[in-house]
Amino acid sequence: MDTFDVLTAISKRKKTFIKKGINENKALIKAELDVSKEYHIPLFDIKKLIN
């Protein structure tokens, strides 16, 4: 899985959370956590990609 796949997965999950009524900041945090757990990528590495 490359960088763009990770960012795409985060973006899709964030949009899903926003549609469920969660605010944008919390949706991003939840999306990062979900992708981190599902793909076994350390959260620190995901945070570096986002920033």
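Conventions adopted
- Residues numbered from 1 in each chain as written.
- Predicted model: local features only at pLDDT ≥ 70, side-chain atom pairs only at ≥ 80, totals over all residues.
- Heavy atoms only, no water.
- Axes fitted to C-alpha atoms, helices over the stretch in contact; angles between N-to-C directions.
- Helix = DSSP H or I, 4+ residues; strand = E, 2+ residues; numbered from the N terminus.
- Parallel < 35°, antiparallel > 145°, perpendicular 65-115°, else oblique.
- Contact = heavy atoms within 4.5 Å.
- Nonpolar A, V, L, I, M, F, W, Y, C, P; charged D, E, K, R; others polar.
- Buried < 20%, exposed > 50% of the residue type's maximum accessible area, 1.4 Å probe, protein only.
- Core = buried A, V, L, I, M, F, W, Y, C linked by side-chain atoms within 4.5 Å.
- Patch = residues over 30% accessible without salt bridge, like charges linked within 9 Å, V, L, I, M, F, W, Y side chains within 5 Å.
- Areas by Shrake-Rupley, 256 points an atom, 1.4 Å probe, with all protein chains shown as cover.
- Salt bridge = Lys/Arg side-chain N within 4 Å of Asp/Glu carboxyl O.

Enquirer: I'd like a description of the packing of helix α1 (residues 3-19) against helix α3 (residues 43-50), backed by residues and values.
Expert: The axes of two packed helices give the description: the angle between them and the distance between them. Orientation of α1 relative to α3, taken along the N-to-C sense of each, is 90°, at an axis distance of 11 Å. Classed by the angle they form, the pair α1 and α3 counts as roughly perpendicular. Every residue of α3 that contacts α1 at T3, V6, L7 and I10 is listed here: I46, L49 and I50. The residue makeup of the contact of α1 with α3, split by class, is six nonpolar, one polar and no charged.

Enquirer: Give me the lowdown on the side chain of E32, citing residues and values where you can.
Expert: Tracing the backbone shows E32 in helix α2 (residues 24-39). A residue is classified by how much of its surface remains accessible, and E32, at 3% relative accessible area, is buried. Beyond its immediate chain neighbours, meaning those up to four positions away, E32 contacts I10, L43, I46, K47 and I50.

Enquirer: Provide a residue-level description of the environment of T3, including the pertinent values.
Expert: Examined against the element boundaries, T3 turns out to sit in helix α1. Overall, T3 belongs to the partly exposed group, its relative accessible area being 40%. Here the alpha-carbon distance between T3 and L49, two residues 46 residues apart in the chain, equals 7.7 Å.

Enquirer: Any details on the nonpolar core? Residues and values, ideally.
Expert: Across soluble globular proteins, nonpolar side chains show a tendency to be buried alongside one another. V6, A9, I10, F17, A27, A31, V35 and I46 together form the largest nonpolar core, which totals eight residues. If you list the elements that add at least two residues to this core, you get α1 and α2. Here this core gets four residues from one element, more than from any other, and that element is α1. Apart from residues no more than four positions distant in its own chain, F17 is found in contact with I22, A27, K30, A31 and D34.

Enquirer: Which residues make up a nonpolar patch on the surface, and what values go with them?
Expert: The grouping of I29, L33 and L43 at the surface amounts to a nonpolar patch, some 210 Å² of accessible area in total. Examined against the element boundaries, L43 turns out to sit in helix α3. Residue class for L43 comes out partly exposed when judged on its relative accessible area of 31%.

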